[in-house]
Amino acid sequence: MFDKRTLKLYFICGTQDVPEGESIIEVVTKALEAGITLFQFREKGETALTGDDKVKLAKQLLSLCHQYGVAFIVNDDVSLAKDIDADGIHVGQNDLEVNKFAQEFKNKIIGLSVGNVEEFQNSDLKYVDYIGVGPMFATISKDDASLPVGPEMITKLRNYVNDFPIVAIGGINLDNAPSIIHAGADGISIISAIAKSKNISESVRQFLQTVE
């Protein structure tokens, strides 16, 4: 049974999100030490690792997360998630249909991106453990991000999903995070505000205070 409390502070990161000269292993280690509750490996963009390099890094990060008792989620890449026996997978509306791979992901976490009510109504949540809703605000971390839907989308979707787990994503920082929790999200997904923080430990601590 999926515990929605693991969504509280969901860190998403790939090599493209880490400041130049820094190591993603170091960044994720600091975030884990500070108390993130879930981690998603999202390797995207022109500089993204591929092939064996991507697999090698994913295995390193998976092992690292398990040292801290944190589940490791792979973004989009079903074959990678299967190959390394990840704890879960997160897919978007345009990715593989959940029903097609869910049978191969028994006892794994499955997350699905939902941007609005229409997408929710067209989504089959039978095998889905949580939905990622956003972007909340304008974001520079995702080149393919849609227009912001705002925290009000969380409240709107709550009327349809009741207590189904929801995590918010997109442009979230320490100033706007409280409005998201107030709107009814179970947690927040963070990329830049942790990956590019000058003090990751302090940023994570402050975000955790917000979601408690």
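Reading the values: the criteria
- Residues numbered from 1 in each chain as written.
- Predicted model: local features only at pLDDT ≥ 70, side-chain atom pairs only at ≥ 80, totals over all residues.
- Heavy atoms only, no water.
- UniProt positions renumbered as here; feature names shortened; annotations may be inferred.
- Helix = DSSP H or I, 4+ residues; strand = E, 2+ residues; numbered from the N terminus.
- Rg over C-alpha atoms; globule rule 2.2 N^0.38 Å.
- Buried < 20%, exposed > 50% of the residue type's maximum accessible area, 1.4 Å probe, protein only.
- Contact = heavy atoms within 4.5 Å.
- Lys, Arg positive; Asp, Glu negative; His and termini not counted.
- Charge placed at Lys NZ, Arg CZ, Asp CG, Glu CD.
- Axes fitted to C-alpha atoms, helices over the stretch in contact; angles between N-to-C directions.
- Parallel < 35°, antiparallel > 145°, perpendicular 65-115°, else oblique.
- Left-handed = near helix turned anticlockwise from the far one by under 90°.
- Nonpolar A, V, L, I, M, F, W, Y, C, P; charged D, E, K, R; others polar.
- Core = buried A, V, L, I, M, F, W, Y, C linked by side-chain atoms within 4.5 Å.
- Polar contact = N/O pair within 3.5 Å; in protein donor to acceptor, adjacent residues only side chain to side chain.

For the protein, an unreviewed UniProt entry supplies the name Thiamine-phosphate synthase and the organism Staphylococcus equorum. The UniProt entry for the protein carries the following text under Function (unreviewed entry): "Condenses 4-methyl-5-(beta-hydroxyethyl)thiazole monophosphate (THZ-P) and 2-methyl-4-amino-5-hydroxymethyl pyrimidine pyrophosphate (HMP-PP) to form thiamine monophosphate (TMP)."

The next point concerns the overall build of the protein. Counting its regular elements, the protein contains nine helices and eight strands. The C-alpha radius of gyration computed for the protein amounts to 16 Å, which stays within 12% of the reference 17 Å derived for 212 residues, consistent with globular compactness. Seen along its three principal axes, the alpha-carbon backbone of the protein occupies a region of about 45 × 40 × 30 Å. Counting over 212 residues, the protein shows a buried share of 50%. Residue pairs in contact within the protein that sit at least 24 positions apart in sequence constitute 58% of those at least 6 positions apart. Across the protein, the mean location of the 20 positive side-chain charges is 3 Å away from that of the 30 negative side-chain charges.

It is worth spelling out the packing of helix α1 (residues 24–34) against helix α9 (residues 200–211) at this point. It is at 9 Å that the axes of α1 and α9 come closest, and there the two elements cross at 40°. With respect to α9, the element α1 is oriented oblique. Crossing geometry of α1 relative to α9 is assigned as right-handed. Between α1 and α9, the contacting residues are V27, K30, A31 and A34 on the first element and I200, S201, V204 and L208 on the second. When the residues that make up the contact of α1 with α9 are grouped by side-chain class, the tally is six nonpolar, one polar and one charged.

F11, F39, F72 and I194 are the most contacted members of the largest nonpolar core, which totals 64 residues. Considering every element that reaches this core, the biggest residue donor is helix α2 (residues 51–67), with six residues. Leave out the neighbours within four places in its chain, and F11 touches V27, V28, A31, I36, L38, F39, Q40, I190, I191, I194 and A195. In terms of nonpolar packing, the next biggest core, distinct from the first, is built from twelve residues, L7, L38, I109 and I191 among them.

Under the present numbering, the feature "binding site: 4-amino-2-methyl-5-(diphosphooxymethyl)pyrimidine" (unreviewed entry) in UniProt falls on Q40, F41, R42, E43, K44, N75, S113 and K142. Assignment of secondary structure puts Q40 in strand β2 (residues 38–41). Not counting chain neighbours up to four residues away, the residues in contact with Q40 comprise Y10, F11, I12, C13, I73, V74, N75, H90 and Y130. Of note is the side chain of Q40, whose polar atom sits 2.9 Å from the side chain of Y10. Not counting chain neighbours up to four residues away, the residues in contact with F41 comprise C13, G14, K54, L57, A58, L61, F72, I73, V74, N75 and L80.

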